[in-house]
Amino acid sequence: MARRKEKVCLCISIPIICIICIIIICATHFNEQCTGGLYKNAAVAADSETCSKIGRDILQLGGSAVDGAIATLLCTSIINPQSMGIGGGSIFTIREQSGRVRVINARETVPKTDLLAMCPTTIQPMEGAHWISVPGDIRGYERAHKLYGRLPWASLFEPTIKMAREGIPIPYVLSRFLPLLLKEKPESPLGELFQNEQGELLKEGDIVRFEKLADTLEIIAEQGADALYIGDIAKDLVSDIQSAGGTISLEDLRSFRASELGAWEVALGEYEMHFPPPPAGGATLSFILNTMLGFNLNPAFLEGDEKVLTFQRYVETCKFANGLKKFIKDPNFASQTEAVEIVQKHFADKVRAKISPDCTYDASYYNVTPYLDSHGTTHVSVLAEDGMAVSVTSTINHIFGSRIFSPKTGILLNNELANFCGKTDQIHAGEQPPSSMSPVILYSPSQKHIVVIGASGGSMITTGVALTLMNFLWFGKTLKDSIDAPVVFVDSKSILNFEPLFDKNVLESLNKIGHKVKVPQMFYNVVNAVSKKNNCIEAVSDSRKHGEAAGY
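Now for a quick tour of the structure. (Residues numbered from 1 in each chain as written. Predicted model: local features only at pLDDT ≥ 70, side-chain atom pairs only at ≥ 80, totals over all residues. Heavy atoms only, no water.)

**Looking at the sheet that holds strand E8 (residues 271–275)**
Rules: Two strands qualify as a pair provided DSSP detects at least 2 bridges between them. The way it works is that DSSP assigns letters per residue, a run of H or I at least four long becomes a helix, a run of E at least two long becomes a strand, and they are numbered from the N terminus. Only the stretch in contact is used when fitting a helix axis, every axis being a line fitted to C-alpha atoms; angles between N-to-C directions are given from 0 to 180 degrees.
With respect to topology, six strands assemble into an open sheet ordered E7-E8-E13-E14-E18-E19, the strand pairing being antiparallel. In this open sheet, the two strands that pair with only one neighbour each are strand E7 (264–268) and strand E19 (536–541). With strand direction ignored, the average angle separating the axes of adjacent strands in the sheet is 15 degrees. Relative to strand E14 (residues 449–456), strand E13 (residues 440–444) runs antiparallel, the two sharing five bridges. From the neighbouring strand, Ser-444 faces E14, where its bridge partner is His-449.

Next up, the structure:
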């Protein structure tokens with residue numbers, strides 16, 4: 001009888017022990033500590049620590065990933081006003097908790113004008129009110145917030161309004177670009193914004209106040225986006241633009257609409273990559289990655305002679321990509337047949353077969369036609385506690401955009417119409433200009449790994465994102481090392497621009513093959529990314545712009 005009781009006890013105790021073990025394992029798994037700069041819950045990667053922290057704080061208050069992104073962008077408009085602001089446009093790529101990915105396109109649009117005859121044939125600042133397109137940023141924020149916002153609209157503006165009114169110390173990055181304004185007339189509105197009482201240009205650490213912009217943001221916070229597009233702010237903005245020689249009308253502002261649509265998707269090995277359709281640059285990025293994926297890359301491809309061959313293949317792929325940019329156009333005004341073809345695997349296979357391991361060709365081989373490279377822009381990557389992710393890129397195009405500053409509203413205007421130069425023979429009212437902006441989100445179902453990534457730098461965006469993803473997904477580097485790694489950018493003249501610390505052996509070897517090379521001292525590609533795998537989040541802001549990520 002005693003033995004039977006022992007057997008019964010033993011039979012009962014084994015399942016109990018198993019259950020206890022499972023509970024312990026699960027508890028350990030879910031309470032895993034994320035150390036070494038990793039975060040457990042959520043993170044934001046922006047161009048500055050100040051703005052990353054504002055986005056993080058919004059998430060901690062219960063805001064959605066979209067709320068965090070909007071607050072971060074508003075902050076960036078005064079921390080890095082040379083790159084973006086509400087006088088520009090943006091594109092959001094948003095991954096819902098369900099895994100569905102949507103795009104909100106608030107890219108600027110063409111007013112009723114025709115400027116193609118004014119396009120320069122050399123790279124130069126394209127300043128002036130005649131290059132201004134209809135700003136879309138605030139309409140984009142409005143659309144995103146209505147669909148995905150949790151906190152009140154006005155609360156997203158509060159941190160930036162406070163900083164703009166009280167003033168901020170000029171950050172290092174902004175201070176580097178202020179000398180570009182020296183040629184502005186002393187009495188110009190933009191020049192006055194960044195001058196002290198003695199008429200001297202402000203320096204790093206000096207306090208700058210954006211008081212008129214604070215007034216404008218306060219009204220938009222209280223009244224909504226309509227204040228900028230059909231209200232008194234619209235009238236003041238149009239008045240200032242037209243006084244400066246621009247053509248934007250109240251009707252142009254009134255008719256602007258942000259669009260919501262599905263993201264395009266391609267398979268990259270174990271990953272699904274989601275990106276905005278044209279006129280954004282995701283199709284070009286997809287082509288580069290699809291082409292390089294076919295070489296079956298792994299960490300050994302960055303060793304010895306293999307490294308030279310890898311970058312020979314990469315720069316040749318980029319030359320073909322430059323030849324494809326002419327097909328990246330607003331789908332409302334141009335056929336998308338070519339753009340759809342660009343992202344197909346068979347197209348990448350066809351191009352890959354044309355890449356030589358030891359020589360390069362003239363522009364006609366790649367079907368490249370001359371166009372102007374651009375710089376500027378900002379990017380924000382956000383991953384929230386509930387799994388929602390936002391990858392958003394915003395811009396006023398060139399550094400300080402058109403350099404037209406509206407004194408009545410405090411808004412610095414874009415020069416997006418310059419992006420049509422060299423890429424089309426005709427533009428239409430309401431058309432969105434082509435762009436390199438590539439806010440993307442990748443997900444691997446097998447590895448449960450999400451990557452939220454994008455870049456600034458105008459034409460350098462695709463270079464920044466492509467090389468970072470190659471380093472991170474295929475070459476075995478950490479996310480930080482992937483972003484920090486020196487890059488090579490192939491410009492519109494098929495010249496290889498090497499970042500100063502790039503491997504000299506690769507540079508010299510490609511030069512011997514026949515590539516034209518140069519080493520500019522300033523590089524504008526700036527990648528900000530968030531990655532979550534194994535329950536811990538890594539967030540990295542590019543050190544090139546002195547950015548810092550934030551999370552909790």
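**Describing the pairing of strand E2 (residues 89–95)**
The criterion, for reference: Partly exposed describes any residue whose relative accessible area lies between the buried limit of under 20% and the exposed limit of over 50%, with all areas from a 1.4 Å probe on protein chains only and scaled to the type maximum.
Buried residues dominate E2, accounting for seven of its seven residues. Neither face of E2 is exposed, since Gly-89, Ile-91, Thr-93 and Arg-95 on one face and Ser-90, Phe-92 and Ile-94 on the opposite face are all buried. Across seven bridges, the pairing between E2 and strand E10 (residues 389–395) is antiparallel. By the bridge assignment, Thr-93 is partnered in E10 with Ser-391. By the bridge criterion, six bridges tie E2 to strand E3 (residues 101–106) in an arrangement that is antiparallel. Looking across to E3, one finds that Arg-95 is bridged to Val-101. Joining the antiparallel neighbours E2 and E3 is a turn of five residues, in which Gly-99 adopts a positive phi near 100 degrees.

**Observations regarding the side chain of Ser-90**
Worth spelling out the cut-off: Should any heavy atoms of two residues lie within 4.5 Å, those residues are counted as being in contact.
Mapped onto the elements, Ser-90 comes out in strand E2. If we ignore the near neighbours within four places in the chain, the residues touching Ser-90 are Ile-104, Asn-105, Ala-106, Arg-107, Asp-137, Tyr-141, Val-392, Thr-393 and Ser-394.

**Some details on the layout of surface pockets**
The cut-off we apply is this: Cavity: a set of points on a 1 Å grid over the protein atoms alone where a 1.4 Å probe fits but cannot get out. Pocket: an open set with protein on both sides within 12 Å along at least five of seven lines, its lining residues, like those of a cavity, having an atom within 4 Å of a point. Grid points are joined across faces, edges and corners, and a volume is the space filled by probe spheres set on the points. All amino acids are sorted into three groups, where Ala, Val, Leu, Ile, Met, Phe, Trp, Tyr, Cys and Pro are nonpolar, Asp, Glu, Lys and Arg are charged, and the leftover types, Gly among them, are polar.
If you add up the space inside the largest pocket, you get close to 440 Å³. Taken together, 26 residues line the largest pocket, and the ones lying closest to its centre are Arg-176, Glu-499, Phe-523, Arg-544 and Lys-545. Per-element tally for the lining of the largest pocket: the top contributor is helix H6 (residues 172–177), with four residues. Residues that form the lining of the largest pocket fall into these classes: eleven nonpolar, nine polar and six charged.

**Some remarks on the sheet that holds strand E15 (residues 488–490)**
Within the open sheet, the three strands sit side by side as E15-E16-E17. Their pairing is mixed. A single partner strand is all that each edge strand has here, and the edge strands are E15 and strand E17 (517–518). Sheet topology places strand E16 (residues 496–498) next to E17; two bridges connect them, and they run parallel. Paired with Leu-496 across the strands is Val-517, a residue of E17. Contacting E15 and E16, helix H13 (residues 304–324) crosses the sheet at an angle of about 35 degrees to E15.

**Describing the packing of aromatic side chains**
Given two aromatic rings, one states the distance between the centres and the angle between the planes to describe the pair. The cut-off we apply is this: Ring pairs are drawn from Phe, Tyr and Trp, using the six-membered ring of Trp, whenever the two centres fall within 6.5 Å, and their geometry is named by plane angle: stacked under 30 degrees, edge-to-face over 60, tilted for the rest. Only when the NZ atom of a Lys or the CZ atom of an Arg is both within 6 Å of the ring centre and within 35 degrees of the ring normal do we say a charge sits over the ring.
In this structure the tally under the stated criterion is 16 aromatic pairs. Each ring, one from Trp-264 and one from Phe-275, has its centre 6.3 Å from the other, and the planes form 75 degrees; the classification is edge-to-face. A residue pair is termed long-range when its members are at least 10 positions apart, and Trp-264 in strand E7 and Phe-275 in strand E8 qualify at eleven residues. Joined through ring pairs, the aromatic side chains of Phe-311, Tyr-314, Phe-498 and Phe-502 make up one cluster. In this arrangement the basic side chain of Lys-326 is found over the ring face of Phe-327, its NZ or CZ atom lying 5.6 Å from the centre. A cation sits over an aromatic face here: Arg-352 above Phe-295, 5.8 Å from the ring centre.

**A few points about the nonpolar core**
We count it as follows: Remark: nonpolar core denotes a set of buried residues (Ala, Val, Leu, Ile, Met, Phe, Trp, Tyr, Cys) joined through side-chain atoms within 4.5 Å.
Within the largest apolar cluster, 81 residues are counted, with the highest numbers of intra-cluster contacts made by Phe-92, Phe-157, Phe-194 and Phe-400. Beyond its immediate sequence surroundings of up to four residues, Phe-194 is in contact with Pro-81, Ile-170, Leu-174, Leu-178, Leu-181, Glu-200, Leu-201, Leu-202, Val-208, Phe-210 and Phe-400.

**Here's the deal with the state of the cysteines**
Worth spelling out the cut-off: Here, two cysteine sulfur atoms that lie within 2.5 Å of each other are counted as a disulfide.
According to the stated counting rule, one finds two disulfides in the structure shown. Covalent S-S linkage joins Cys-34 and Cys-536, the inter-sulfur distance amounting to 2.0 Å. Judged by the sign of its S-S torsion, about -90 degrees, the cystine formed by Cys-34 and Cys-536 is left-handed. Placement of the pair is Cys-34 in the loop between helix H1 (2–30) and strand E1 (43–45) and Cys-536 in strand E19, with a sequence separation of 502 residues. Like Cys-34, the residue Cys-536 is buried in the burial classification.

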